[in-house]
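Structural characterization, general
Spelled out, the chains give:
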Amino acid sequence: NPSAYRIMGLPSGINASVTTSESQLPSGLRLFVNGEEVAPEDAPMQVVARSGKPLQNIEHELLFENGTRKSVYASVVPLFDARGNVRKVIGAYTDFTERKQTEQSLARERILLERLFETMPVMVSMYDPETKSMRLNAEFEKTIGWKSEEVSPTFLLEALYPEPEYRMDILKRMAAAGNTQEWV
């Protein structure tokens, strides 16, 4: 259908089968299922046609010769005739190319943040409000001699800001910064 052609970046109206004798698919097209390259006869629709068993929520990628990659989630199911033989296979695809690229970019950013956190030559601590845990970077641990697993947020704040009024002021500033995405 037109949406499938658009999602997969294919010319409208072509026979999109990867196993037809006269392929109309772009040359050099490579197929990946759940991150692994598969031969045309092992593409999801062919597997379902052969096995008669549906495939649900699989990650399916098309890599074109020019380097363009299309990522889709797919569910493919067989349709049976009156005798129980597979007569057709239908697939539902959802384009998640942009989401996949965003996830990959976010993963790279997390790795970068982790490397920066661990290698900065200044003492840095991070607090995770969801787990109520504290992390200290390597420089912090080396300079002060504390380990992340030994430090609670309360202990660290009391050690760094022993005067209660000043500590409360710092906590208020941290809370305000958390609401405005500013650094304290």
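Residues numbered from 1 in each chain as written. Predicted model: local features only at pLDDT ≥ 70, side-chain atom pairs only at ≥ 80, totals over all residues. Heavy atoms only, no water.

The subject of this paragraph is a nonpolar patch on the surface. Together, Met168, Leu171 and Met174 line one region of the surface with nonpolar side chains, adding up to about 250 Å² of accessible area. A relative accessible area of 45% means that Met168 is categorised as partly exposed. (Patch = residues over 30% accessible without salt bridge, like charges linked within 9 Å, V, L, I, M, F, W, Y side chains within 5 Å. Areas by Shrake-Rupley, 256 points an atom, 1.4 Å probe, with all protein chains shown as cover. Salt bridge = Lys/Arg side-chain N within 4 Å of Asp/Glu carboxyl O. Buried < 20%, exposed > 50% of the residue type's maximum accessible area, 1.4 Å probe, protein only.)

On to the pattern of salt bridges. What the rule picks out here adds up to eight salt bridges. A salt bridge links Arg99 to Glu103, with the nearest nitrogen and oxygen atoms 2.9 Å apart. You can see Arg99 and its partner Glu103 sitting in helix 3 (residues 97-119), four residues apart, about one turn around the helix. By relative accessible area, Arg99 is classed as exposed at 53%. Looking at Glu103, the relative accessible area reads 37%, which means it is partly exposed. (Helix = DSSP H or I, 4+ residues; strand = E, 2+ residues; numbered from the N terminus.)

Another point: helix 2 (residues 44-51). All of the buried residues in helix 2 are Pro44, Gln46 and Val48. Buried residues belonging to helix 2 abut strand 1 (30-33), strand 3 (55-63), strand 4 (69-80) and strand 5 (86-95). At the exit of helix 2 stands Gly52, carrying a positive phi of roughly 75°. (Contact = heavy atoms within 4.5 Å.)

With that out of the way, let us pick up helix 5 (residues 153-160). Since one α-helical turn is 3.6 residues long, residues separated by three or four positions face the same way. Within helix 5, the full set of buried residues consists of Pro153, Leu156 and Leu157. Looking straight down helix 5, one finds its buried side chains confined to an arc of 95°; they lie on one side. (Arc of directions from axis to C-beta.)

Here we take up the sheet that holds strand 4. Across the sheet, five strands lie side by side as 2-1-3-4-5; this open sheet has antiparallel pairing. Each of the sheet's edge strands pairs with one partner strand only, and the pair in question is strand 2 (36-38) and strand 5. Pairwise comparison of adjacent strand axes, ignoring direction, gives a mean angle of 40° for this sheet. In this sheet, strand 5 lies alongside strand 4 in antiparallel orientation, the contact comprising nine bridges. Looking across to strand 5, one finds that Phe80 is bridged to Val86. Contacting strand 1, strand 3, strand 4 and strand 5, helix 2 runs over the sheet at an angle of about 150° to strand 5. (Pairing = 2+ DSSP bridges. Axes fitted to C-alpha atoms, helices over the stretch in contact; angles between N-to-C directions.)

Non-glycine residue Asn34 carries a positive phi angle of around 50°. Examined against the element boundaries, Asn34 turns out to sit in the loop between strand 1 and strand 2. Its identity as a non-glycine residue notwithstanding, Asn57 has a phi of 50°, on the positive side. Note on Asn57: relative accessible area 62%, which makes it exposed.

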